[in-house]
Amino acid sequence: MSDIQYKFHPNKKATIITAPFSGGQPKGGVELGPEYILKAGFEKQLEHLGWQTEVANPLEKTNYEAQKSNDKDSFGVKNTKIVSECCQKIHEAVRSALSSDRLPVTIGGDHSIGTATVSAALEHNPDACVLWIDAHADINTPKTTESGNLHGCPISFVMGIDSDSYPPEFAWVPQNLKANRIAYIGLRDVDDGEKAILKKYNIPAFSMYHVDKYGIGKVVEMALDAVNPERKNPIHLSYDVDAIDPSFVPATGTRVEGGLSLREGLFIAEEIAHTGLLGSIDIVETNPLLAETEEHILDTVSAACAIGRCALGQTLL
Ligand SMILES: NC(=[NH2+])NCCC[C@H](N)C(=O)O
Ligand SMILES: [Mn+2]
Ligand SMILES: [Mn+2]
């Protein structure tokens, strides 16, 4: 049991939404993330904290993995159709969980599904804010992206940045995220085009430099002050496991050295839990096939589960 009260989920009901999808980036294996996380006992762990859980598999009858390609389309991005379709299904699942007063815990899968989860959280409550925990800003647009990988673009779609450059497949995405409603923690690999966007829109972004300078406690406080100053609005926590240093979380697709310690990474989730304002959460980019050893798989999957448990109320004492 956990003592933390969840203002937006007082009945402590959660829906684990699986997003076994890899089309937002070229590597195979990230679609296995949900299976490994569930096999590790994630659902039981949340029940142990007092949550009543269910699992939703909105991508169940799809076969996106077989349709994946490495070619850019005329808009400069890859796998537009399957990313859009997958996101639409996840979007519906998150909306439906929220409208039944359940906390959506979306487990990926790659981070392209952020388009779906963030826009759904904001549709449900336009006052919601987003904390994006990541080594990357994921705010490229079809115009700025060098890789063409859509897991590097979810935020721009929901903000409507460079919207004249979007493939028509993304016309359904509600452009409901405002620049003062998102803050980043953990950044250390941001493309030049993304840096320009962060500056232009004045988006609060805390890199590893800020974590070192101020300490993680202060950084989380500053991030919350920026997006949720009165501590009254729901928080969508979008957690890319690559925010944590690859020495703790090796099995992920875009590793960047110099990341959060495991404790710093879990502290962020604990601190969001303590606000009592968690509205929805994503845990993404666990790729068991990129592990070199069994231990790598175990470390990464355990960290992903621990992020979820901390956000849903696990405390050390
Ligand atoms: N969700 C992630 N791991 N994103 C990595 C993105 C890397 C790079 N900025 C790109 O756009 O391709
Ligand atoms: Mn990342
Ligand atoms: Mn990411």
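Use the structure listed above.
Conventions used here
- Residues numbered from 1 in each chain as written.
- Chains lettered and ligands numbered in written order.
- Predicted model: local features only at pLDDT ≥ 70, side-chain atom pairs only at ≥ 80, totals over all residues.
- Heavy atoms only, no water.
- Buried < 20%, exposed > 50% of the residue type's maximum accessible area, 1.4 Å probe, protein only.
- Helix = DSSP H or I, 4+ residues; strand = E, 2+ residues; numbered from the N terminus.
- Arc of directions from axis to C-beta.
- Contact = heavy atoms within 4.5 Å.
- Donors = N, O, S within 2.8 Å, 3.2 Å for Na, K, Ca; no water.
- Polar contact = N/O pair within 3.5 Å; in protein donor to acceptor, adjacent residues only side chain to side chain.
- Pairing = 2+ DSSP bridges.
- Axes fitted to C-alpha atoms, helices over the stretch in contact; angles between N-to-C directions.
- Right-handed = clockwise from strand over helix to strand, strands pointing away.
- Phe/Tyr/Trp six-rings, centres within 6.5 Å; stacked < 30°, edge-to-face > 60°.
- Lys NZ or Arg CZ within 6 Å of the ring centre and 35° of its normal.

S.K.: So what about helix α6 (residues 192-200)? Which residues, and what values?
M.R.: When α6 is considered as a whole, its buried residues turn out to be E194, I197 and L198. Looking straight down α6, one finds that the buried residues subtend no more than 100° of arc, so they occupy a single side. Seen from the open side of α6, the exposed residues pointing more than 90 degrees away from its buried face are D192, K199 and K200. On the buried face of α6, the contacting elements are β5 (182-187) and β6 (205-207). One or two positions beyond α6, positive phi appears at N202, with a value near 55°.

S.K.: Pulling in residues and values, what's your account of the coordination of the manganese ion (ligand 3)?
M.R.: All of the protein donors around the manganese ion (ligand 3) are H111 (ND1), D134 (OD), D138 (OD) and D240 (OD); their distances to the metal are 2.0 to 2.2 Å. Going along the chain, you hit the donors of the manganese ion (ligand 3) in the pattern H-x22-D-x3-D-x101-D. Taken as a pair, the manganese ion (ligand 3) and the manganese ion (ligand 2) show a spacing of 3.3 Å, with D134 coordinating each metal. A residue is classified by how much of its surface remains accessible, and D134, at 0% relative accessible area, is buried.

S.K.: Break down the side chain of H136 for me, citing the residues and quoting the values.
M.R.: With respect to the element layout, H136 can be found in the loop between β4 (129-133) and α5 (154-159). At a separation of 3.1 Å, a polar atom in the side chain of H136 contacts the side chain of D242. Setting aside chain neighbours within four positions, we find H136 in contact with Y184, L187, D189, D240, D242, T254 and V256.

S.K.: For the sheet that holds strand β2 (residues 52-56), give the residues involved together with the corresponding values.
M.R.: Pairing within the open sheet is parallel, and its eight strands lie in the order β2-β1-β3-β8-β7-β4-β5-β6. Of all strands in the sheet, those with a lone pairing partner are β2 and β6, marking the two edges. For this sheet, the mean angle separating the axes of adjacent strands, direction not counted, is 15°. Bridging between β4 and strand β7 (residues 235-240) involves five bridges; their strand directions are parallel. Counted as the bridge partner of C129 is I235 from β7. Contacts from helix α9 (residues 262-275) reach β4, β5, β7 and β8 (278-284), with the element oriented near 170° to β7.

S.K.: How would you sum up the pairing of β7? Please name residues and give values.
M.R.: With respect to burial, β7 is a largely interior element, six of its six residues being buried. Residues of β7 alternate between two faces, with I235, L237 and Y239 on one and H236, S238 and D240 on the opposite face, all of them buried. When β7 meets β8, the two strands line up parallel, connected through six bridges. Across the sheet, residue L237 finds its bridge partner in β8, namely I281. Regarding the hand of the β-α-β motif, the stretch spanning β7, α9 and β8 is right-handed.

S.K.: Tell me about the packing of aromatic side chains, and name the residues and values.
M.R.: Per the stated rule, a full pass over the model turns up four aromatic pairs. With 5.0 Å between their ring centres and 70° between their planes, Y6 and W51 make a pair best called edge-to-face. Of this pair, Y6 sits in the segment before β1 (13-19) while W51 sits in the loop between α2 (42-48) and β2, and the two are 45 residues apart along the sequence. On the basis of an interplanar angle of 90° and a centroid distance of 5.7 Å, the ring pair of F21 and Y64 is categorised as edge-to-face. You can see F21 sitting in the loop between β1 and α1 (33-39) and its partner Y64 sitting in the loop between β2 and α3 (80-99), a full 43 residues away along the chain. Judged by its relative accessible area of 0%, F21 is buried. On the accessibility criterion, Y64 (5% relative accessible area) is buried. Over the ring of Y36 we find K39, and its NZ or CZ is 4.4 Å from the ring centre.

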